[in-house]
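Now for the letters of each chain:
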Amino acid sequence: MKNRALRARRLSALLLPLLLASPAAAEKGPGVYKGLDILCDVVTIIQRDYIEKLSSERLMQDALRGMLNSLDSYSTYMPAASVRGPRPSPDKGAGTYGLEVAYKDKLLTVVAPVEGGPAWKAGVKSGDLIIKIDKEPVDDRPLAELIQLFRGETTRRLELQVARRGEREFLDFTLLPGKIEGAPARVEMLEEKIALMRISRFDTETPARAADLIAKLNREGGDGMVLDLRDCPAGEIGSALAIAEHFIPSGGLLATLSGRTKEAAREFRSGGKAPHVVGPVVVLVNAGTSGAAEVIAGALQDGGRGVLMGQRSFGCAFEEGSFTLKDGSVITMLTAVYRTPDGSEIQDEGLDPDVEVPLPAVAPGEAGAEEEEIALAEDGVERDLRGVKGVKVEKGVKDEEGLDPMTQRAVDLIKGIHILEHKERS
Amino acid sequence: MRPPRYAAAAATGLAAYCLLSAIFTPPSPAQDKQLKSSLDLFVSGLEVVARNYYREVPERDLAYGAIKGMCAALDPHSQFMDEEIYREMKVETEGEFGGLGIEITIRDKFLTVVSPIEDTPAFKAGLRAGDRIVEIEGLSTKDLSLVEAVRKLRGTPGTVARITVMRPSTGAMVPFAITRANIQIQSVKDAKLVTGKVGYVRLTQFQERTGGNLDKALQDLKKRGMRALVLDLRNNPGGLLQVAIEVADKFIGGDRMLVYTKGRLKAQNVEFKSHSAAAYPDCPMVVLVNKGSASGSEIVAGAIQDWGRGIILGETTFGKGSVQSVLPLSDGSALRLTTAKYFTPSGRCIQKVGVKPDIVVQMTDEQEIKVLLKRRLEKMISENQQGTDLSAEKAELKKLGAAADLQLDRAVDLLQGLLACGKSVAAGPAPRVRNAPR
């Protein structure tokens, strides 16, 4: 015992000069990095007593991975051996799966499939828990590898097994990478000049498209808008900020970005871009609303420009940075997070809707049957529902009512606001 | 050793011997250099995080995260315990605790029920060996260490634990709400004569009083005419190493090796031998095992099998054959580390492989449930206080009919046959590896 303590102290002594040499340590003075002596102790004990002999190199890789994983579910450590060179330019015919995944409560969860993409067509849904990828349990795969798997262009076919609330058995999907089909934004005039604007993804072309659509609505005398951001997982935050400028008057705060250092902090304000959206706005959100969509929803909510309706959003809006260590291994982590104008952190928290609409209770075996049909009626795009158990869909059947319950409630709310404002309706 | 359940680890004495025996060997300069450069890399990573992560994280948390990461990559039974968890572990091993009554382990990365302990809330609620606990109080158990899971499951008697269980045989997700109770375990059960000459004793685990109670039960059965024994170790998750050895000793004797441990350090290599005289050296015996037999059960079964002292019947056992030591650290936290593995007398490693029965008799989950249910109902009826209406239970029992315990029935048949032809069944001259059955 005594000897071990001595040894640990000796190791700490080895480290001390190194620490003092670093600027961070110098800033903070002695006593930095509490717990390092315990770490040294543990390494020594494991190397001496553990049933297998382990190299200090491997132990330190596990330590770095453990440290990054303990921060949040996005930050990762990739040992030099698994760091790949720049991604080769995609093969001809390569595409994406159109699937956003993240760890939620430590389970690999589908944030949402991107509307019009392969995963969406196959019937993958927001909230599905991914159990197996290519028949391998997800647990066995490092997070960094999983992220690479879902990102970027590829030609690789992917088999997923998912668990879905309300389903007694796991569901299997085979995804072939492809294009995301359909426009990222579209509008439809509902009743009484109230418009429905659906944004399914925020990419580079979305702002221009949205501006055209808003102009069109204004020409048609639009007054009031339901902005549907449900199951909108993908995209560039810059794109969402640009669109928010059509809603928020010039000078209004849209979002802030904050990090560890002052340099990382940023503020985004509206330039009050024309055309301006006219009338009351209700924003529809759910657990598949994530990232860019949350930033614009937060801007509208805190800016008093829109009422949020639906379910709590996913909670994911950050900037990440990659840092290469001297052995070539890479640390990727959150370096800054977005906040709404009122200063609430979106990350992990999500946005609380002003009007909470609980999800309908789903009886086992009937998961989402109703929602599925509505989705068909709403977008008119045929989905491939083969392999989805318990869901019966007749081709081309339109919902009698035309609108799903949440959109209907949003329209009701806008009508109510109109009445209270004593608007004359034609 | 009762490794699937960590709380008993400190009580085993094994932890203590490993601690005392840890020999300090000065590292070579080359090792030191390698260690220094690895630590160097770690510190540079630590600095990157401390400077660039979006919020400030206490350095102690970073170091603990790193230590947990290191330990998590070792094996399911090794773990880092922070001060609070370590303190709780010590308290729990000393006193009684409220719990559900399950032995759990991490298998294939899932929190897995090794076996429900009889007469406990978990047993009564219908939890089964192999069930995967996927949620505790609505939160996923993924990445939960064994210690943390045990801590969440334990609590004041009378409080309710809500868990969701995935049953691999059916794939069904089943929610349970189980009221915690004081877990006191009677380890020697159902001692009886199955036929005129064949006795039966079930050990639910190896605890302090198991050896003495087993003696009492066997003496009594002997007086009543027992000439052969079925020792039922099914769903016995283990317990104290010394007690498992004591049990094996009763049947083997003759200064024979019962089990040995082997680690990297010489001090972790320990041989455990039987006394010269065995209490029951020659009564023919069959040991019943199944996938819920772990650790101590595997040691007993392995020793009896290797010495040819009895016949092992049932299913391949769990495969828990590692020794953990608890090593306190200077800041009040502690490390629970796998430091050695168990080997049967013939040198078979138990870890992951388990003990293969000489005679394989599989029982389906359904059959096992019926046997357990029948046993429970019979117990309720036999212990019936006057005035309680048990007609429903009686009707249910009748409906179950002859829920056959296939494994027990085959064991009894076998022993009756052995008695009839008068085979010698004392331990053999040398341990040997029996051919694994096809």
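The structure displayed is predicted, hence computed values, not measured ones. (Residues numbered from 1 in each chain as written. Chains lettered and ligands numbered in written order. Predicted model: local features only at pLDDT ≥ 70, side-chain atom pairs only at ≥ 80, totals over all residues. Heavy atoms only, no water.)

*Asks:* Could you give an account of the pairing of strand β11 (residues 198–203) of chain B, naming the residues involved and the relevant values?
*Replies:* Residues and elements named next belong to chain B. The buried fraction of β11 amounts to 6 of the 6 residues, a majority that puts the element mostly inside the structure. As paired elements, strand β10 (residues 188–193) and β11 share 4 bridges and run antiparallel to each other. Counted as the bridge partner of Lys-189 is Arg-202 from β11. Counted along the chain from β10 to the antiparallel partner β11, the turn is 4 residues long. Judged from the 5 bridges that link them, β11 and strand β12 (residues 228–232) form a sheet pairing that is parallel. Looking at β12, one finds that Gly-199 is bridged to Leu-229. At this point the chain moves from β11, through helix α7 (residues 210–223), to the parallel β12, and the crossover so formed is right-handed. (Buried < 20%, exposed > 50% of the residue type's maximum accessible area, 1.4 Å probe, protein only. Helix = DSSP H or I, 4+ residues; strand = E, 2+ residues; numbered from the N terminus. Pairing = 2+ DSSP bridges. Right-handed = clockwise from strand over helix to strand, strands pointing away.)

*Asks:* Lay out the interface of chain B and chain A in plain terms, naming residues and giving numbers.
*Replies:* At the junction of the two partners, chain B supplies 70 residues and chain A supplies 75 residues. Summed over both partners, the interface of chain B with chain A comes to about 6,700 Å²; 66% of that surface belongs to carbon and sulfur atoms. Together, Tyr-54, Met-70 and Arg-264 of chain B form the three largest contributors to the area buried by chain B at its contact with chain A, with a combined 13%. Linking chain B to chain A there are 3 salt bridges. The residue Lys-326 of chain A makes a salt bridge to Asp-40 of chain B at a minimum N-O spacing of 3.5 Å. Our count for the chain B to chain A interface comes out at 14 residue pairs in polar contact (both at pLDDT 80 or more). (Contact = heavy atoms within 4.5 Å. Buried area = accessible area lost by both parts, 1.4 Å probe. Salt bridge = Lys/Arg side-chain N within 4 Å of Asp/Glu carboxyl O. Polar contact = N/O pair within 3.5 Å; in protein donor to acceptor, adjacent residues only side chain to side chain.)

*Asks:* Just give me the short version of the packing of α7 of chain B against helix α8 (residues 241–251) of chain B, but keep the residues and values in it.
*Replies:* All names here are of chain B. Contact pair α7 / α8: the axes reach a minimum separation of 9 Å and the direction vectors enclose 30°. One element, α7, and the other, α8, form an angle in the roughly parallel class. Contacts from Thr-210, Gly-211, Gly-212, Leu-214, Asp-215 and Leu-218 of α7 reach α8 at Val-243, Glu-246, Val-247, Lys-250 and Phe-251. Taken together, the residues that form the contact of α7 with α8 break down as 5 nonpolar, 3 polar and 3 charged. (Axes fitted to C-alpha atoms, helices over the stretch in contact; angles between N-to-C directions. Parallel < 35°, antiparallel > 145°, perpendicular 65-115°, else oblique. Nonpolar A, V, L, I, M, F, W, Y, C, P; charged D, E, K, R; others polar.)

*Asks:* Now, about the sheet that holds strand β13 (residues 281–285) of chain A: what can you tell me, with residues and values included?
*Replies:* Residue and element names in this part refer to chain A. If you trace the 6 strands from one edge of the open sheet to the other, you get β8-β9-β10-β13-β14-β17, paired in mixed fashion. Edge strands, defined here as strands with exactly one partner in the open sheet, are β8 (185–189) and β17 (355–356). The pairing of strand β9 (residues 195–199) with strand β10 (residues 225–228) spans 4 bridges and is parallel. Across the sheet, Ala-195 pairs through a bridge with Met-225, a residue of β10. Against the sheet, helix α7 (residues 206–219) engages β8, β9 and β10, with an angle of about 15° to β8. Sheet strands in contact with helix α11 (residues 405–420) are β9, β10, β13 and β14 (307–310), and its direction is about 160° off that of β13.

*Asks:* Could you give me a rundown of helix α9 (residues 292–302) of chain A, with the residues and numbers involved?
*Replies:* All names here are of chain A. The element α9 is extensively covered by neighbouring structure, given that 10 of its 11 residues are classed as buried. Of all the residues in α9, the buried ones are Ala-292, Ala-293, Glu-294, Val-295, Ile-296, Ala-297, Gly-298, Ala-299, Leu-300 and Gln-301. Residues of α9 that are buried sit in contact with β10, α8 (237–244), β11 (253–259), β13, β14 and β16 (330–339). Immediately downstream of α9, the backbone of Gly-304 shows phi near 70°, a positive value.

*Asks:* Talk me through the sheet that holds β11 of chain B; I want residue IDs and the actual numbers.
*Replies:* Residue and element names in this part refer to chain B. Read from one edge of the open sheet, 6 strands run β10-β11-β12-β15-β16-β19, paired in mixed fashion. Two strands in the sheet have a free side with no partner beyond their single neighbour: β10 and β19 (359–360). Where strand β15 (residues 285–289) meets strand β16 (residues 311–314), 4 bridges bridge the pair, whose relative direction is parallel. Residue pairing in the sheet places Val-287 in a bridge with Ile-312 of β16. On top of the sheet, helix α9 (residues 296–306) reaches β12, β15 and β16; it is set at about 140° to β15, its chief contact.

*Asks:* I'd like a rundown of the environment of Ser-126 of chain A, residues and numbers included.
*Replies:* Residue and element names in this part refer to chain A. Considering the arrangement of structural elements, one finds Ser-126 in the loop between α5 (118–122) and β4 (129–133). By relative accessible area, which is 26% here, Ser-126 ends up partly exposed. Linking Ser-126 and Asp-231, residues 105 residues apart in sequence, is a C-alpha distance of 6.8 Å. Excluding residues that lie within four positions of it along the chain, Ser-126 makes contacts with Val-110, Val-111, Ala-112, Pro-113, Asp-231, Ala-287 and Gly-288. Reaching out from Ser-126, the side chain makes a polar contact with the backbone oxygen of Val-111 at a distance of 2.7 Å.

*Asks:* Give me the lowdown on α7 of chain A, citing residues and values where you can.
*Replies:* All names here are of chain A. The end-to-end C-alpha distance of α7 is 20 Å, a good match for the 20 Å that 14 residues give at a rise of 1.5 Å each. Listed as buried for α7 are Thr-206, Pro-207, Ala-210, Ala-211, Leu-213, Ile-214 and Leu-217. Projected down its long axis, α7 carries its buried residues within an arc of 165°, all on one side. For α7, exposure combined with an orientation more than 90 degrees from the buried face picks out Asp-212 and Arg-219. Those residues of α7 that are buried are in contact with β8, β9, β10 and α8. The positive-phi residue at the C-terminal boundary of α7 is Gly-221, with phi of around 80°. (Expected span 1.5 Å × (residues − 1). Arc of directions from axis to C-beta.)

*Asks:* Please set out the pattern of salt bridges residue by residue, giving values where relevant.
*Replies:* Tallied over the entire structure, the rule returns 39 salt bridges over all chains. Several salt bridges converge on common partners, so that one network encompasses Glu-115, Arg-186, Arg-198, Asp-228, Arg-230 and Asp-404 of chain A.

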